[in-house]
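Results of the structural survey
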Amino acid sequence: MHITLAPMEGVVDHLMRDMLTQVGGFDLCVTEFMRIVDQLMPKRVFYRMCPELNNQGCTPSGVPVKVQLLGQHAHWLAENAYRAIELGSHGVDLNFGCPAKTVNKSKGGAILLREPETIYNIVSVVRQAVPKEHTVSVKMRLGFDDTSLAIANAQAIADAGADSLVIHARTKVDGYKPPAYWDWIAKIKQYVDIPIVANGEIWNNHDALNCQRQSQCENIMLGRGALAMPNLAQVIKNHKAHMPWEQVKGLLVRYSGYELFGDKGKYYPNRVKQWLGYLSRQYPEAEALFMRIRALKSADEILQQIQS
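Residues numbered from 1 in each chain as written. Predicted model: local features only at pLDDT ≥ 70, side-chain atom pairs only at ≥ 80, totals over all residues. Heavy atoms only, no water.

The tally for this structure, following the rule as stated, stands at one cavity of 30 Å³ or more. Roughly 50 Å³ of volume is contained in the largest cavity. Lining the largest cavity, in full, are V11, M16, L227, Y255, R271, Q274 and W275. Looking at the lining of the largest cavity element by element, the count peaks at three residues for helix 12 (residues 268–279). Here the residues of the lining of the largest cavity are counted per class, giving five nonpolar, one polar and one charged. (1 Å grid on protein atoms, 1.4 Å probe; cavity = no way out; pocket = protein on both sides within 12 Å on 5 of 7 lines; lining within 4 Å. Points joined across faces, edges and corners; volume = space filled by probe spheres on them. Helix = DSSP H or I, 4+ residues; strand = E, 2+ residues; numbered from the N terminus. Nonpolar A, V, L, I, M, F, W, Y, C, P; charged D, E, K, R; others polar.)

Rendered as structure tokens:
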């Protein structure tokens, strides 16, 4: 089984990728999306989004990282895809799944699922630009308003030459509300012949097994579930026990060090509260800690509460 750490804008940055891949179980990471409009982005933007490019495109623990691009203009996506590869990205991923209103309004992300022909053109042009030995993958949802174009979109992606496809088994309208419709992935698999990775609503080993059975996919992508249980990939792949709370607290302290002494210290209070929100799903102690720090704005005060 191959497990990928999902891209989550504003959540899974290089610091979180470093921490979760050190915990183990992941085979690949995908960056938060880089939004492409009408230019070739400067190299510094790639390095800021994916500092792992300074480490042969891998996290400190050696897990390869793939840059994800989002946009609607095939030419500029292709130019930036080539640059990502040039700088050391382990392939390129194209985002046709982001449900954010601001992104969709500017014709990026999931809104393009209304236009299979546009998706075909983008993937085709990017695939031609990227050297054949490097992979071009795509992430999509089941659709925008509904699933009526799910198969057409997947076929467009496969026919355009994509090497693999991640399917988040919900529409844009579904957002992140359960359930995920894993059985739809199995339907799509009947019409395309490229590898498919199943994504959505995998919180524990039971979910992973159900997802694999219903989607008929061995490979999965984990997002929010990995934030709620930091060793979820190890639980699923290697049958490890759930990480105990004391160990999770240790990760929170380490994360504090990353954030406070890294380049994102000003975001630390919001980031750690956000992570505790996910952890609360699996750990009652996380909810209690969140209640203690929710009104705090000082990093030192927050860290003191975590260590208490």
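Next, the rest of the story.
In this model, helix 3 (residues 74–87) (14 residues) spans 20 Å end to end at C-alpha, consistent with the 20 Å of a helix rising 1.5 Å per residue. Of all the residues in helix 3, the buried ones are A74, L77, A78, N80, A81, R83, A84, I85 and L87. Close packing links the buried residues of helix 3 with helix 2 (43–49), strand 3 (65–70), strand 4 (92–96) and helix 5 (116–129). Where helix 3 terminates, the next one or two residues include G88, which has phi positive at roughly 115°. (Expected span 1.5 Å × (residues − 1). Buried < 20%, exposed > 50% of the residue type's maximum accessible area, 1.4 Å probe, protein only. Contact = heavy atoms within 4.5 Å.)

Further remarks concern helix 14 (residues 299–307). Taken residue by residue, helix 14 has A299, I302, L303 and I306 as its buried positions. For helix 14, the arc enclosing every buried residue in end-on projection is 95°, short of the 170-degree limit, so these residues lie on one face. More than 90 degrees from the buried face of helix 14, the exposed residues found are D300 and Q304. For helix 14, the side-chain oxygen to backbone nitrogen distance between the N-cap and D300 is 3.3 Å, and the N-cap itself is S298. (Arc of directions from axis to C-beta. Polar contact = N/O pair within 3.5 Å; in protein donor to acceptor, adjacent residues only side chain to side chain.)

Attention now goes to the sheet that holds strand 7 (residues 196–199). Read around the closed barrel, the eight strands follow the order 1-2-3-4-5-6-7-8; overall the barrel is parallel. Strand-to-strand twist of the sheet, defined as the mean angle between neighbouring strand axes without regard to direction, takes the value 30°. In this structure, strand 3 lies alongside strand 4, joined through three bridges in parallel fashion. Across the sheet, the residue bridging to V67 is V92, located in strand 4. Sheet contacts for helix 3: strand 3 and strand 4; angle to strand 3, the most-contacted strand, approximately 165°. Running over the sheet, helix 5 touches strand 4 and strand 5 (136–143) and is turned about 170° from strand 4. (Pairing = 2+ DSSP bridges. Axes fitted to C-alpha atoms, helices over the stretch in contact; angles between N-to-C directions.)

This part covers the layout of surface pockets. The computed volume of the largest pocket comes to approximately 530 Å³. Lining the largest pocket are 29 residues, with P7, M8, K139, R141 and Y176 positioned closest to its centre. Of all the secondary-structure elements, those providing two or more residues to the lining of the largest pocket are strand 2 (28–35), strand 5, strand 6 (164–171), strand 8 (220–222) and helix 9 (224–228). Its residues placed into classes, the lining of the largest pocket shows 14 nonpolar, eight polar and seven charged.

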